[in-house]
Structure formats: C-alpha cells, structure tokens
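Analysis of the macromolecular model
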Amino acid sequence: MCVEKSRLRCLQAPIVAQERVAEGIFELRFAAPRLSHSLPGQFIHLLCGDSFLRRPFSIHRAEGEEITILYRLQGAGTNWLSRQREGGLLNVLGPLGSSFASPRENERILLVGGGMGIAPLAFYAERHSHFPTEMIAMAGFRSASQVAGLQPFHRARVPLSLYSDDGSSGERNRVTAGLSERISEFGANRILACGPEEMMKSISAIAEKMNLPCQVSLERKMACGTGLCLGCIVPVGNSENYRRVCVDGPVFDAREIRWS
Ligand SMILES: Cc1cc2nc3c(=O)[nH]c(=O)nc-3n(C[C@H](O)[C@H](O)[C@H](O)COP(=O)(O)OP(=O)(O)OC[C@H]3O[C@@H](n4cnc5c(N)ncnc54)[C@H](O)[C@@H]3O)c2cc1C
Ligand code: FES
C-alpha cells in the first residue's frame, strides 16, 4: 500500500539505468521528479521483490528528474535489486529522515565516509558545490575493488583523500588514523560522517575532544521507516532515552548519541 504524507511520496518509479560500478557495488538511477526536493542525508525506502519489509538506501544524487542510489550486495533484497533492468518499476517511499545541516558562508567542512557511507556525503558535496564554503573529503574502503561513488566529489571539485585497509587504494590506513592532524591542517569547523558505526564513534570522540560540531548518519535495520514500529531506535543522552533513526535521524548530532 502506498501512503502519502505532506512531502513524503510513495511512487512507482521507472529505472533509468543500473550499472555495476565496483565489486558487488551497483549504482541505480530511477526517474522520480516528485523526489527532487530530497536533501543530502535523507533516504528512500524500497520494496525489493516480494519481501514484506522495505530496504533503506541513502540518496546519492538528486538531479533534475532523477534519483541515484549506490548500494552494496548484502542479502536477498539487494540481490533482487541488482537484477532489475532499465524500464522496470520500483516501489519507492521517500524522501525519509533528517538531512545534514546546510553549509554556512565561509565554513570549512570535513566530510568523512567509510564504504557505502560515502553515498550521502557525495550528494552533500555536489549539492552545495556552488556555495561559498570550503569542503574536503576523506574516504575509506576495504580495497581498490570496492572504491565507488566518488564522481560527485570530482564534479564538485572537492579535494579527496583515499584510504584502504589493504593499501591497494590511497593510504593503507583507517580514515580515522590521521584525522586530528587533518582537522587542524584544514582548519575544519564542522565534520559530517557516515560509515561503519565504529568509525563514527571514533570520529565523534575526536570531534568532541577538539570541540568541533559533528553530524553522523546512522544505520539501523528498519521495518516501517515512518516512526511507528520503534524497530530502529538508538540510545541518546545519558539516561534511558531513545530516538528513531528513520524519523529523528538518520542524521544526528554526534554528541547526542550514547555510543556503546
Ligand atoms: C538510513 C540508511 C541508509 C542506508 N544507505 C545505504 C546505502 O546508501 N547503500 C547501501 O549499500 N546500503 C545502505 N543501507 C543499508 C541497506 O539498507 C542494507 O544493506 C539493506 O537493507 C540490506 O538488505 P538485503 O535484503 O540485501 O540484506 P539482508 O541483510 O538479507 O537484509 C536485511 C534482512 O534483515 C531483515 N530486516 C530488515 N529490517 C529488519 C528489522 N527491523 N527487524 C528484523 N529483520 C529486519 C530483512 O527482512 C532482511 O531479511 C542503509 C541503511 C540505512 C538504515
Ligand atoms: S523503522 Fe519503524 S520506527 Fe523506525
């Protein structure tokens, strides 16, 4: 069933193109002019085949009438998705969730992504490329065969440093290894991060130590995606408080999260 709330749309969107862009990683474009108001950090919820539960994916690009997502093969849902071809219809709910705060004039923003976490940050870089702000990006992948989703940074002329676990692409290190130095060299006054939870926890600790605002985009398994089932909660604050990743997030102020 399709529901429609104010700016939230449920639609049948025709696939424009699907391409394998790295090992087990695909870029999928579909036509959805009614989602053109989507913001960096927001996500869509896709029905994948006959599965009852939708699957969430960050918006990687919203340009003209088209939306792009970047995804890694994981299980049944993403495998089904990878078999869909141009002209096929996708059942899409979105845009959902919160977005990264827009840049302020003369801000210096450091974007840090790990794996598929690069998807919403690349959207941010491209969407705000004409704004008078300085951005640089750090991206970490397991190996060169997994590197994907970087074109938007190049189009936006955002300088990018690459890291990989095995040294096959960029520096052999974690993105977090030289982060404090990079923050100081660049003079960053805000950090945006998306990737594995351990990475975001480390970035959050570094940002707090350096007294820098930091926003993180969190992932949780989701069911409804619209705030009703409480299946995606994360602990916040220093008591028994929780927030829902699907509607209160996925983008949160890093200081708000009670990291485990
Ligand atoms: C906000 C957000 C943005 C994301 N963006 C991206 C992205 O840009 N690119 C990317 O590659 N991945 C992204 N992900 C992760 C992506 O959603 C998963 O990789 C995808 O859902 C895997 O689906 P699957 O069926 O292929 O894999 P599986 O691991 O098989 O699927 C997950 C399984 O868990 C089950 N499940 C789902 N939710 C629940 C639940 N609440 N309780 C119990 N079982 C459940 C499903 O039914 C399914 O069987 C994002 C996740 C979130 C939350
Ligand atoms: S997925 Fe149902 S409340 Fe978030």
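Residues numbered from 1 in each chain as written. Chains lettered and ligands numbered in written order. Predicted model: local features only at pLDDT ≥ 70, side-chain atom pairs only at ≥ 80, totals over all residues. Heavy atoms only, no water.

Concerning the packing of aromatic side chains
Applying the stated rule across the entire model yields 3 aromatic pairs. Ring centres of Phe26 and Tyr71 lie 5.6 Å apart, and the angle between their planes is 15 degrees; this geometry places the pair in the stacked category. Pair noted here: Phe26 is in strand S2 (residues 25–31) and Tyr71 is in strand S6 (residues 66–72), with a separation of 45 residues, a long-range link. Neither residue differs from the other here; Phe26 and Tyr71 are each classed as buried. One aromatic cluster in this structure is built from Phe26, Phe57 and Tyr71. Sitting above the plane of the Phe186 ring, Arg108 keeps its charged end 4.5 Å from the centroid. The cationic tip of Arg258 hangs over the ring face of Tyr242; the distance from NZ or CZ to the ring centre is 5.8 Å. (Phe/Tyr/Trp six-rings, centres within 6.5 Å; stacked < 30°, edge-to-face > 60°. Helix = DSSP H or I, 4+ residues; strand = E, 2+ residues; numbered from the N terminus. Buried < 20%, exposed > 50% of the residue type's maximum accessible area, 1.4 Å probe, protein only. Lys NZ or Arg CZ within 6 Å of the ring centre and 35° of its normal.)

Some thoughts on the layout of surface pockets
Taken as a whole, the largest pocket encloses approximately 1400 Å³ of empty space. Put simply, the parts of the chain that give the lining of the largest pocket at least two residues each are strand S4 (55–58), S6, helix H1 (76–82), strand S9 (134–141), strand S10 (160–164) and helix H5 (197–209). Here the element with the most residues in the lining of the largest pocket is S4; it accounts for 4 residues. Taken together, the residues that form the lining of the largest pocket break down as 18 nonpolar, 17 polar and 10 charged. (1 Å grid on protein atoms, 1.4 Å probe; cavity = no way out; pocket = protein on both sides within 12 Å on 5 of 7 lines; lining within 4 Å. Points joined across faces, edges and corners; volume = space filled by probe spheres on them. Nonpolar A, V, L, I, M, F, W, Y, C, P; charged D, E, K, R; others polar.)

Digging into the side chain of Ser143
With respect to the secondary-structure elements, Ser143 resides in the loop between S9 and helix H3 (151–155). On the basis of relative accessible area, Ser143 is assigned to the buried category, the value being 13%. Residues contacting Ser143, with those up to four places away along its chain left out, are Ser164, Asp166 and Ser168. (Contact = heavy atoms within 4.5 Å.)

Quick word on a nonpolar patch on the surface
Judged by side-chain polarity, Leu230, Ile233 and Tyr242 come together as a nonpolar surface patch covering roughly 290 Å² of accessible area. With respect to the helices, strands and loops of the structure, Tyr242 is situated in strand S15 (residues 241–244). (Patch = residues over 30% accessible without salt bridge, like charges linked within 9 Å, V, L, I, M, F, W, Y side chains within 5 Å. Areas by Shrake-Rupley, 256 points an atom, 1.4 Å probe, with all protein chains shown as cover. Salt bridge = Lys/Arg side-chain N within 4 Å of Asp/Glu carboxyl O.)

What to know about the sheet that holds strand S13 (residues 214–217)
Taken in spatial order, the 7 strands of this open sheet run S11-S10-S9-S8-S12-S13-S16, and their pairing is mixed. Edge strands, defined here as strands with exactly one partner in the open sheet, are strand S11 (171–172) and strand S16 (251–253). Contacts from helix H2 (residues 118–127) reach strand S8 (108–114), S9 and strand S12 (190–194), with the element oriented near 155 degrees to S8. (Pairing = 2+ DSSP bridges. Axes fitted to C-alpha atoms, helices over the stretch in contact; angles between N-to-C directions.)

With respect to the state of the cysteines
Throughout the structure, instances matching the rule amount to 0 disulfides. Looking at the unpaired Cys48, the closest cysteine sulfur is the one in Cys10, lying at 13 Å. (Disulfide = S-S within 2.5 Å.)

Here we look at the domain arrangement of the protein
Taken domain by domain, the protein holds domain 1 (9–96), domain 2 (108–217) and domain 3 (220–252). For domain 1 versus domain 3, the distance between C-alpha centres works out to 22 Å. At the junction of the two partners, domain 1 supplies 8 residues and domain 3 supplies 8 residues. Across the interface of domain 1 and domain 3, roughly 600 Å² is buried in total on both sides, 71% from carbon and sulfur atoms. Inspection of the region where domain 1 meets domain 3 yields 0 salt bridges. Linking domain 1 with domain 3 are 0 residue pairs in polar contact (both at pLDDT 80 or more). Listed by contribution, the elements that provide at least two residues to the side of domain 1 that touches domain 3 are strand S3 (43–46) and strand S7 (89–96). Looking at the side of domain 1 that touches domain 3 residue by residue, the classes come out as 5 nonpolar, 2 polar and 1 charged. (Domains from an automatic or database assignment. Buried area = accessible area lost by both parts, 1.4 Å probe. Polar contact = N/O pair within 3.5 Å; in protein donor to acceptor, adjacent residues only side chain to side chain.)

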